Amino acid sequence: MVGLVLVSGVAVASQELNNDMSRCTSGNGPSVLVQVRGIKEATGKVRVQSYPAIAGVWLAKGRWLHRIETPASAGSMNICVPVPSEGKYGIAVRHDRNGNGKTDISQDGGGFSNNPSISILNLGRPSVNKVAFDAGPGVTRITINLKYM
């Protein structure tokens, strides 16, 4: 699946990538090193998606920049997410515990950059203002704590 998103005036295609940690080493970038914490078990997959921090694009279907899906490891994992340029972004993480590719609210875990509180009232979809962070020219490090029902 390929979609186009405008970032800083440049069209960027949605890309599915492998978790290539070499993108998050000194001298490379821009990229975001996401430490995902609180993974309940080593089953299923962890999916990390980056979005430009733009209200109409954040969490919109098919509007992500990069998607990295990897087998889950219990506890914590490091995922390297490249970004097209310095700027404001949001990251969404989902632990698809049974690996079926669907969101199972009662089983799957999730989290977002800046670790905003989520509730049933916003259906676990925080506003872009709560998740936006600045990615610099090198490697930006963030931590996302997963939450489960």
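Residues numbered from 1 in each chain as written. Predicted model: local features only at pLDDT ≥ 70, side-chain atom pairs only at ≥ 80, totals over all residues. Heavy atoms only, no water.

Quick look at the nonpolar core now. Counting 23 residues, the largest nonpolar core has V34, I39, I91 and V93 as its most contacted members. Of all elements in the fold, only β4 (31–39), β5 (45–52), β7 (75–82), β8 (87–96), β10 (133–135) and β11 (139–145) reach the threshold of two or more residues within this core. Leaving out residues up to four positions away in the same chain, V93 has contacts with V36, V46, R47, V48, G109, G110, G111, I144 and L146. Membership of the second largest hydrophobic core comes to eight residues, among which are Y51, W58, V128 and V131. (Core = buried A, V, L, I, M, F, W, Y, C linked by side-chain atoms within 4.5 Å. Buried < 20%, exposed > 50% of the residue type's maximum accessible area, 1.4 Å probe, protein only. Helix = DSSP H or I, 4+ residues; strand = E, 2+ residues; numbered from the N terminus. Contact = heavy atoms within 4.5 Å.)

Attention now moves to the state of the cysteines. In protein chemistry, a disulfide is the covalent bond that joins the sulfur atoms of two cysteines. By the definition in use, this model includes one disulfide. Here C24 is linked by a disulfide to C80, with a sulfur-sulfur distance of 2.1 Å. The disulfide joining C24 to C80 has a torsion of about 90° about its S-S bond and is therefore right-handed. Of this pair, C24 sits in the loop between β3 (15–17) and β4 while C80 sits in strand β7, and the two are 56 residues apart along the sequence. Owing to a relative accessible area of 9%, C24 belongs among the buried residues under this scheme. (Disulfide = S-S within 2.5 Å.)

Moving on, we come to the pattern of salt bridges. In the structure shown here, the tally under the stated rule is six salt bridges. Across the pair E16 and R67 runs a salt bridge, and its minimum N-O distance is 3.4 Å. Taken as a pair, E16 in strand β3 and R67 in strand β6 (residues 66–71) lie far apart in primary sequence, 51 residues in all. Residue D96 pairs with R94 through a salt bridge whose shortest N-O separation is 3.9 Å. Of the two residues, D96 and R94, both sit in the buried class. When salt bridges that share partners are traced, they join R94, D96 and D108 into one network. (Salt bridge = Lys/Arg side-chain N within 4 Å of Asp/Glu carboxyl O.)

This brings us to the sheet that holds β4. With respect to topology, three strands assemble into an open sheet ordered β7-β4-β11, the strand pairing being mixed. The open sheet has two free edges, formed respectively by β7 and β11, since each of these has just one partner strand. Strand-to-strand twist in this sheet, taken as the mean axis angle between neighbours without regard to direction, amounts to 20°. In this sheet, β7 lies alongside β4 in antiparallel orientation, the contact comprising eight bridges. Residue V34 lies in a different strand from β7, and its bridge partner there is I79. (Pairing = 2+ DSSP bridges. Axes fitted to C-alpha atoms, helices over the stretch in contact; angles between N-to-C directions.)

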